[in-house]
Structure formats: structure tokens, C-alpha cells
Amino acid sequence: MPYPVPFRPNTPRGNPLRRVIAPLLLVIAAVVGTGCEEAVYPIIETDRRYSVYGTLDMNSDRQMVRVIPIRETIFGDPGELNVEVRSIDLQNGKEYAWRDSVVTFPDGLVGHVFVTQKRIESLHRYRLEILEPDGEVVTWAETTVPLRPRATVARPTVATSPQGYVALQRLQWADLPKYPFEVTYWYRFFSYRGNRFVDVAMPHVPGNAKSLDVANAWDFVVDLVADRSVLDEEYPQWRGDPLAGIGMTVTLLDDAFVPPGGKFDREVLSEPGTFNNVEGGFGFVGSVGRFSAEWVLPDSTARVLGYNPLGGALRALHAQTLTAEGTELVTVR
Amino acid sequence: MRRFLLLLLVVLVGAPAASAQTALLRGFVTDDSDGEALQGVNVVLLDGERLVTGTATDGDGLYALSRVEPGTYTLRATFIGYATRTERITLSAGEIRVFSFRMQSEAAGLDEVTIEGEREGTGAAAIVAGFQAVRPQDIEMIPSPDVSGDLVQYMATLPGVVSVGDQGGQLFIRGGEPTQNLALIDGIPIYQPFHLIGFYSAFPSDIIQVANIYAGGYGARFGGRLSSVLDISTRNGNKRRFEGNVSVAPFMSGALLEGPILPGRVSILASGRMSVIEQGASRLIDRDLPYTFDDQFVKLHANVSEGSTLSIVSNRSYDRGTLDPESAADTTSNRGTASWKNRANGLRYLMLPTSIPIQAEIILSYSETSNTFGAGRAARSSDASQFNAGAHVTHYLGASEMRWGIQLSTTSLSSELGGQFQGVSTSGEYITEAGVYVETGLPVGFGLRIEPGVRLASFPSKSSTFLEPRVRAVWDLGAHRFTGAAGIFHQEVVGLTDRRDAGDVFTAWTASPLAKVPSAWHLIAGWQVQATPWMRFSVEGYRKGLSNLSIAAWTAYPRFNTGLQPAEGEVTGADVRLEMTTDRVYGLLNYGYGKVRYTAQQEAIRYWYGRPDLEFSPPHDRRHQANAILGLKVLGFDVNTRWQFGSGLPYSQSLGFDEFLLLAGPTGVDTLRGDTRVLYAQPYGGRLPTYHRLDVSVERTMRFRGTTRLTLQAGVTNLYDRRNLFYIDIFTLRRLDQLPLIPSVGIKVAY
């Protein structure tokens, strides 16, 4: 054993500790006297009462948010939720009442989903409020609905090369300050077999999306020849059916709908307060809009690419269909 | 480093040349009655009445007197309670003599007399730069629900040693995690040295010869752990006659047998204990105590020759228990039944070559642990097994000595973590570590002794090699002693625990998940004074820095899933001890201040707490603790009392619970259940209530014909029935208390 070093006290006979024992016992007795139980309560009082999640949707007549009371234990059984939910259009001061719709999830957890039958308007700011029975607004959140962007489509450019045709078409979305949350696009055919229009969603988003020098605009360049190859290889059933149009939908989220770090990372976002715009609680209330535009290829370009253009009667039907869908028919310029 | 190696070479080459003109005398000193090694025997060589040289025996009873001029001397060996032994010794130039001898008790023939002399380095206030030697007699001073007492009960009275509860079996030593403590039993690593119920070690105190506790600043011989060393030397077993004992107590009962296999040469010491807590203590207090544990220990010791010994040791322990039976029945809980198995097997060969002036020690060992926790989807398990080979050599250099050695270990690790500690490799891993060290003791003069050392620690799996300088110093100045220690330490195989939940006692052994090897530095300075012949006072301050730690990530997802985050730690503390010893009274007052701070880095906490680094006190940050121990011998009874006090431990409060819905775009909230989430407040921002408890025991030993002794013990644990909080389950707000008032009666028959 390397470290013990001699240090040996001489132990005398006798009991000189008598003077020490009595005070020691007194000290112990005094502290024992303070031995009453101390309560501990691990829940910190907070003015955050509810967590609220939801996305107001411009494209829906029905809005919904989930209201979750902040509870003291892990067991999730809120039972009856005695609150009122209302929304206010801050543009015009109009109030809308929401009603509770209880849903039960497969594991038995009860959720309170509040709904209202109301469309929301582009650029309007809405305030959602949770009121307790005494009328006090305890939790609230605000969201501004995204601006509707404008689409313009340029005439396609068609050229020949040793490999064949090169056909490109440019679509520009103006009033679009950032790249959309989601972009989808499709080719629409008229099916004689089903006697209806059918959309074929393309598996990829047009490349070369870039921000223009002018503020708030994004360009998408559609490679018509490449798309034709995809359609031939993956969707041969539409060969021969007339092509009605090409369309694109951009999904826009409100300006606050941006996760920290730019990623919807569950581990990060689950940290309370991380992705939060709810006052007096936790959660996020945002708004979303989906904007669609469709255009018709010039007949000459369609034929060069091997499509059959849509006939006159079907063109009118096509326009009616788009109107019913809320999809803008964009004139190619 | 190059200079150091050069010096080492000079010393190694030069030492035999120097000793060629002088003689070396060494050997083992044993107790005549049972053949047990005697530690702390003063062995001196006298030329007439002139002191030529002298030393004290170590834990193996080994003494060595080197660089003795040729001549005839009187060897005198003295030890409290033993008859002085004198021999005439003639030594010639270059002679290497092995002279082992036995010492007789002053009450030879009265075997029942217990020798309780003050031995070297012992006494609660005799702390030497974090080092403290604990004898079985010290352990017996602590009231325990067992006739024999237990080492863990003693350790829990030391300032700077924090136990988070009387269940869980974990001790934090001067800010270090339990898995940062190296526990050795006869040089063999033991992963889980304590039973699940906090009153018992994984071996009985009856087998302990001495337990050396290094609370920090340990020498270069020890490596692979960041915080502390518990180095236990066990007894060898009686080589003269068979002895044994049987004890029955409300928590644990056991038996011990020892005796000669070859009288005077080979002995066996065997012990077995098993819990009776469910049949005993549980009924006494009418509370469910679902704990089962047992341990077995066997040691064979052989005096192979006059100058060599061989010991073979095997220790096994098993624990199974449920800290919170109600929680275990809750399917949303990750708590449940904990169980662990430990095995430590090894051999130690100690030899004194007759041709070269060294002492050599070879240790081969195999240790393994297996622990499981919880049930269902939250069930977790972790297995670790380690093979160790070490050789230690001591060169005698007159008044000083130099030790060097080499250690190799390979550890096999595998885990099933059930979603916990994500990112940690759970498949089989093999980790190799190598260490080479050299250390020496230099008597500088004026009572100052410095023990510098250095360890070269290599971790091939991390492609890292570190130089770990260590130094210890003792300066005796009359009645005063000043001590100090410092060093750098590394640990690659780490134990991961989720300290966010005090009810979670699972440890996952793994290679450090970080690219860097966890490291620490220690700094210790102390002073002690023998104020009166019966009173000693000591003060010691310490600081530790911990780097590259991996702790459970701070996540809002409760219980099941968690990742890890890197952390740094800093420990600052001081101990004050006042010890009083007379024939009939023993008293100890101690106070410990400690502050442990962790700084963690995790991307997510930046958003919740508003800063990228989160500084907090981990749950073992007990700022203040005090102990008062009083032992009295009254009318043939031993009356022992202990009062413990500890300030509240940190715990995490919350704002409550909700469900988190990931709105990754427009999402229908009517179909999204969400993940249940805990809204943690500042990590460990709350403090639990203070802890205090008074234990009392009364014991009397009666002697019968022959050597039979009957010991009766009665005691009360938690005399004033303090409702000490173990932990509060913040998920359910249920409170789990530590053990209430428990009366106990024990009986032990020794023969």
C-alpha cells in the first residue's frame, strides 16, 4: 500500500470526552427537534394554461385547432374542457365562435378539437383566444394569412438539337417572398374512357427555381421534353388522350411558420417554447394557403411534343372545371 | 516525458549497482495466532541503541529495509497489542535476505482478546490528501441493522460521499458519479460494489482487512476511472485453525468459514450471505420491501514460499428489487424491477525474488456485470465483462522506493437500451486499454515526503494516448501535517445513467459516445493536527474538473426516449473532521461542503432556456452534510449512535404536461394524437427537503467455552422516524420516502 504514512496518536487512559458528549447530544437533540417533515411540490405555478396547435387553412371552409390543458401529471385525461374559443379577424373586428369537438385517439387519449365553419382571407390577421368560464382570456395566438401570389407563364421555347427537340417553358410566381413550403405540378388529360379530366402528378418538381432580381418572385422552368419522357415511361396509359393543361400548386405558410434551424426536427421542436407563438401557453397556431395555376400549351408546341391538343368543346369544359376547383387558368404570354 | 524516462532508466540501471555494496532485508510479518498479515508493524534495525533504518509493513504484512551496510544488527518489530519481536541479523554486502516472522499477541493464549490498536493511516480524521484507510473496527462503530456492520454504511458517513438514498446502491464520492469510482477487491475490479439496498456492500465486512479509499488525487498505479478509488484488501483466512460465524438479522443473514487447508501454508476464507428482508424487515415495518440479494466470497491464500504468496479470489453478488412497487405496475412508467449480477475472479501472486532487490506482483482477473431494469418496451439491459492483467514492481532505494507497472485490459460491452441513450452503440464492443506507470516516494527532508508519478494511458479504440502526471505530498511538522495531491485522469469505458429520474437506477456500460476520452483533473490540499492525545482535527479542500462527459439529453419526451449530450463538470468542496478517541468513548464530528456544477451543450436547450450552454447542479450536488458519531463502551455493551444530516438534493420541477403536436406544415390536428411531453422548468432548479436520520445500536458479546462467542445486537434505524424523501415522481406527483423507523435484532455466533 503506497500511501499510508505513520501518524499515530498516543491514546491516553481516562475519559476526557465527558465535556464533549453532553454538548454533542444537545446539538443532536436540537436538530432532531427540527425534524418535521418538509413538503415538496414539483409543479411550478405558471400562467401558461393551455397548449394550442392548429393551422388555419385558406382553402378550407372549416378551421380547427387542438386545445390541450396543461396538466399536473403525465396521465392525459382532460375530460371536460370548460373553456370557450373564439377568433377575431383583426382586419375588420369580426368575431367567430368555435365549438368543442371531442376526439378519442386509439390509445384512449381524449383530445379537444375546436372547429369553426369559416373561410379565412389572404393577408388578414386573426387572433385566436381561449377564455375561461369567468371570461378571462388566458391563452391566445395570432397569425397572418399568406398573401396570394400571382402566376405568369411565358410561351415555351422550342428548338432542335442533334439529340432532338429542346422545349422549355417558364412559370413565374410573383408576390412570393420565400420559396414555397411545398410545390406540386401535374399534367391534366381528358380521359375518353372515364369521360373526365384526370391529373397526372409529376414525380418531381420543375428544376431551376430561382429568385428573380425583382423582389418576391420565383421562377420555375419546366422541361417539357423531359416530362414527356417521364409520361411515356411511367404513365403510358395516357398516351393518345388529349392534353388539357399543365398545372402547379404552391403551398405557402405564414411568415411565423419557420422552425428554428429551418428544419422540422421533432427533438428540437418538442422543447417547450422552441416553436411557439402562443401566449399564456405553448404550441403554434399558423395559417396556410395553397395556390394553383394551370396553363394550356400552344397547339403547335403540344403537337411537336407528341400530345393531342384539347378540342374546342372540351376547352370550355376544362375552364369550367378549373373555376370550380379554384385553380387559376393562366394565359400563356 | 523524455527526461522522466531517462531518469527512470538511470534509477533502474543504477539501483542494482548501488545495492551491490549494501544489503536488502525484507519479509512478511504475520499474526502468530492465525497467520494473518499484519499491516503497520514498525520494523527497525538497530546497531546497539542506534537506529539504522526502519519502516512499517504494508497491507501484505511486507517490510523491506534496503541499502543496509553489511554488519550485525538487532531487528526489532513492534506493534500495539503484540509482544515486541527482536532478532539478531547479520547481513553481508550484496545480500538479499528474506526474513519473514510471526508476532504473538501480548495476550497470547487468550484468543478472545481483540486487538484494537491504532494502526497506520487510519482514523476518520487522518485523511491524507483524499486517502483514508478504513478498518473493520471503524466499520463496527457505525450503527447498522446487522451485527457486523458494513463498509457502505461507514462510507456514507464520510463528508463528500453522497448517497442519494438508502435504496439504489450508489455512492457519489466528491462529486464523482458511481461509475467514475474504481472499486477493487484484492486488485480485481468490481463493477457494482454495493447492494441495491443501501445498507450493504457486495461483500461482508468480516472479510475486509483494510479498505483504502482515495476520494481523489490517487497515484499513478490506478487508472481508467475519473473520480475515486476504493481499494479493498481482504483477509487471508486463518492458517492455524478453523473458525467461523453465523449471523441472523432482519435484512441479511450469513455465514463465514475460514481455516487451514494446509496448516500454516494454505488457507481458505469463504462467506455467503442472503437477504431475508422480505421475511424480516418488511414484516417489522409492515411495508413492502421487494428486495432479494445475496453474495458469496471465497479466497484461497497460500504462502508458496518464504518470499512469495498466492491468493485466488472469487466474489459474486446478485440483486433484484423494485424501488417503487406502485410505479412498476404503471405501464407508462419506465421504472420497474432492477437486477444486477456481479462477478469478480482473479489471482494475485506476490513474490520477493532472492536474486534481485525488487518486489513483484502479478494480478490477473476477470470481472463481469449484467444489469437489467424495467419491463416491456422500456426494458433495458447492459452487460460488461473485463479481463485484466497487471504487473507491479517495487524497487527499494534506501529510504525511498520506486514502483512501476503495466496494466492491460480488454472489455466486452453490449446493451439493449429500449430507446434510451440513442446513438450509443448497443452491439458488442471490445475496448482495450493499456497503462504504464512509474511512481516513487521521495523523502525530501524536514518531514516532507513527495510521491510523484506518471501514467501513460492508451485507448486504442479512440486512437488516444495520454500522459497523466500525478503527485502526492505529505509534510509533517510536529503535531501538524500538511498534505496535497494533484493529477490528471482518463476513463474510456463509462456508465451512462439517466439522472433526470432518481428512480431509474439503470447503468449502461459503454465506450464513451464522444470522440474524446472523458478526462478529469484533481487538486487537493489539507491540514490536520493532533490537538491533544485524544483529539485530531483535519480540514481538506478539493477541486475537480471533469471534461467530455456524456449525460442524458434534456428532452421534453419523458422517460422512454432520450439521447445524450456532452457536458463538463466542476467540483469544489471542503471537509472538516474532528475525531476523539479514548478507551471507552469514540466521537466523530464531520462536515462537508460540496458544490457540483455541470455545463451541458445541446442545440435544443438554447430555444427553451435562452442560452446554448446550460449550467446546472446535478442531482448529487449535496451542498452541506454533517455526521455525528458517538460510540460508548458501557457495562460491557457497545453503544453506537450516528446522526446524519444532508441538505436537499437538486431535482427538476416542471410546469406540467401536455401533448406536443409536430406541425410540420398544414396538418390535421383532429387526427394527430401528439406525444406526451413534460414541460420541464430549469433543470434541477428545485431542491428536495433536507435529510437527517439517527441510528442507534447496542451490542454485547458473550463468551462461552472454548472460542465460542455470542453477539447480540439490537438497534433502531431512523430512530425518530424522519420521513426522508427518496424522490418525488414528477410524472405522477407520487412521493417515495426512504426507509422509516426500523427496529432490528441480530445475533451472531462465532466459533
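Residues numbered from 1 in each chain as written. Chains lettered and ligands numbered in written order. Predicted model: local features only at pLDDT ≥ 70, side-chain atom pairs only at ≥ 80, totals over all residues.

On to the overall build of chain A. When its secondary structure is counted, chain A shows five helices and 19 strands. For chain A, with 333 residues in total, the buried portion stands at 32%. Once local pairs closer than 6 in sequence are excluded, the contacts in chain A between residues at least 24 apart make up 67%. (Helix = DSSP H or I, 4+ residues; strand = E, 2+ residues; numbered from the N terminus. Buried ≥ 20, exposed ≤ 12 C-beta atoms within 10 Å, placed from the backbone. Contact = placed C-beta atoms within 7 Å.)

Moving on: the overall build of chain B. The secondary structure content of chain B amounts to six helices and 46 strands. In summary, chain B has a C-alpha radius of gyration of 27 Å against a globular reference of 27 Å for 751 residues, a match within 12%. In terms of its C-alpha atoms, chain B occupies a principal-axis envelope of roughly 100 × 65 × 45 Å. A separation threshold of at least 6 residues defines the contact pool for chain B, and within that pool the share at least 24 residues apart is 64%. (Rg over C-alpha atoms; globule rule 2.2 N^0.38 Å.)

Residue and element names in this part refer to chain B. Inspection of the secondary structure assignment puts Asp206 in the loop between strand 13 (188-189) and strand 14 (208-214). Owing to 24 C-beta atoms within 10 Å, Asp206 belongs among the buried residues under this scheme. Spatially, the C-alpha atom of Asp206 lies 10.0 Å from that of Ile139, the residues being 67 residues apart in sequence. The contact partners of Asp206, leaving out residues within four places of it in the chain, are Ser148, Leu256 and Ser271.

All names here are of chain B. In this structure, Asn548 is a non-glycine residue whose phi angle is positive, near 60°. Looking at where Asn548 falls in the secondary structure, it is placed in strand 32 (residues 535-552). The exposure class assigned to Asn548 is buried, which follows from the 21 C-beta atoms found within 10 Å. Not every positive phi belongs to a glycine, and Leu635 is a case in point at roughly 50°.

Looking now at the domain arrangement of chain A. With domains assigned, chain A is organised as domain 1 (50-145) and domain 2 (150-253 + 288-330). One C-alpha centre belongs to domain 1 of chain A, the other to domain 2 of chain A, and the line joining them spans 38 Å. (Domains from an automatic or database assignment.)

A few words on the pairing of strand 16 (residues 243-248) of chain B. Residues and elements named next belong to chain B. Bridge count for strand 16 against strand 17 (residues 252-262) is five bridges, and the pairing is antiparallel. Opposite Asn245, over in strand 17, you have Leu256 as the bridge partner. Between strand 16 and strand 17, which pair antiparallel one after the other, the connecting turn spans three residues. Here strand 16 pairs with strand 46 (residues 742-750) via four bridges, running antiparallel. By the bridge assignment for strand 46, Val248 is matched with Ile747. (Pairing = 2+ DSSP bridges.)

Residue and element names in this part refer to chain B. Per-residue pLDDT for chain B averages 87, and the proportion of residues at 70 or more is 91%. Per-element confidence in chain B ranges from a low mean pLDDT of 49 for helix 1 (residues 2-19) to a high of 97 for strand 28 (residues 480-490). Predicted confidence is poor over residues 9-17, with pLDDT under 50, and the contacts of this stretch with residues over four places away or in other chains come to five contacts. Here residues 108-120 is a poorly scored stretch, pLDDT under 50, and it has 25 contacts once near neighbours within four places are set aside; other chains count. Prediction confidence for the complex, expressed as pTM and ipTM, is 0.83 and 0.85 respectively. (pLDDT = per-residue confidence, 0-100.)

All names here are of chain B. Sheet architecture is open: five strands sit in the order 9-14-15-12-13, paired in mixed fashion. Lying at the two open borders of the sheet, with one neighbouring strand each, are strand 9 (131-134) and strand 13. The pairing of strand 9 with strand 14 spans four bridges and is classified as antiparallel. Of the residues in strand 14, the one forming a bridge with Gln132 is Ile213.

This brings us to the environment of Ala626(B). By the element assignment, Ala626(B) lies in strand 36 (residues 624-634). Beyond its immediate sequence surroundings of up to four residues, Ala626(B) is in contact with Asn590(B), Tyr591(B) and Phe645(B).

All names here are of chain B. The strand order across the open sheet formed by four strands is 3-2-5-6, and the pairing between neighbours is antiparallel. Every other strand in the sheet has two partners, leaving strand 3 (50-56) and strand 6 (82-91) as the edge strands with one partner each. Within the sheet, the average angular offset between the axes of one strand and its neighbour, ignoring direction, is 20°. (Axes fitted to C-alpha atoms, helices over the stretch in contact; angles between N-to-C directions.)

Attention shifts here to helix 2 (residues 224-234) of chain A. Residue and element names in this part refer to chain A. Residues of helix 2 that are buried include every one of Leu224, Asp227 and Leu231, and no others. Here the buried residues of helix 2 occupy an arc of 60° about the axis, which is enough to place them on one side. Facing away from the buried side of helix 2 by over 90 degrees, the exposed positions are Ser229, Asp232 and Glu233. Elements in contact with the buried residues of helix 2: strand 10 (164-174), strand 11 (182-191), strand 12 (196-201) and strand 14 (217-223). (Arc of directions from axis to C-beta.)

Moving on, we get to helix 5 (residues 312-325) of chain A. Relative to the 20 Å expected for 14 residues at 1.5 Å per residue, helix 5 of chain A spans 20 Å between its end C-alpha atoms, a close match to the ideal helical length. Remark: Gly326(A) follows helix 5 of chain A within two positions and exhibits a positive phi of approximately 85°. (Expected span 1.5 Å × (residues − 1).)

What follows is about the domain arrangement of chain B. All names here are of chain B. Here the domain parsing of chain B yields domain 1 (2-103) and domain 2 (131-750). Between the C-alpha centres of domain 1 and domain 2 the distance comes to 35 Å. Those elements that provide at least two residues to the side of domain 1 that touches domain 2 are helix 1, strand 1 (23-31), strand 4 (62-68) and strand 7 (96-98). Considering each element in turn, the side of domain 1 that touches domain 2 owes the most residues, six residues, to helix 1. Its residues placed into classes, the side of domain 1 that touches domain 2 shows eleven nonpolar, seven polar and five charged. (Nonpolar A, V, L, I, M, F, W, Y, C, P; charged D, E, K, R; others polar.)

So, about the pairing of strand 12 (residues 181-185) of chain B. All names here are of chain B. Burial runs high along strand 12: five of the five residues are buried. With burial as the criterion, each face of strand 12 is covered, one bearing Asn181, Ala183 and Ile185 and the other bearing Leu182 and Leu184. One ladder, built from five bridges, connects strand 12 with strand 15 (residues 228-234); its direction is parallel. Looking at strand 15, one finds that Asn181 is bridged to Ser228. Bridge count between strand 12 and strand 13: two bridges; the pairing is antiparallel. Paired with Ile185 across the two strands is Ile188, which belongs to strand 13. Between strand 12 and the antiparallel strand that follows it, strand 13, lie two residues; Asp186 among them carries a positive phi value of about 55°.

Residue and element names in this part refer to chain B. Counting through the fold element by element, Thr57 comes out in the loop between strand 3 and strand 4. For Thr57, a count of 24 C-beta atoms within 10 Å puts it in the buried group. It is 9.2 Å that separates the C-alpha atoms of Thr57 and Gly27, two residues lying 30 residues apart in sequence. Once residues lying within four places of it in the same chain are set aside, the contact partners of Thr57 are Val29, Leu38, Gln39, Gly40, Val41, Val43, Leu62 and Tyr63.

It is worth spelling out the confidence of the model for chain A at this point. All names here are of chain A. In this model, chain A carries an average pLDDT of 85, and 88% of its residues clear a pLDDT of 70 or more. Confidence, read as mean pLDDT per element, is least for helix 1 (residues 18-33) in chain A (55) and greatest for strand 6 (residues 125-131) (97). Note that residues 1-17 has pLDDT below 50 and, in this model, 45 contacts with residues that lie over four places away or in other chains.

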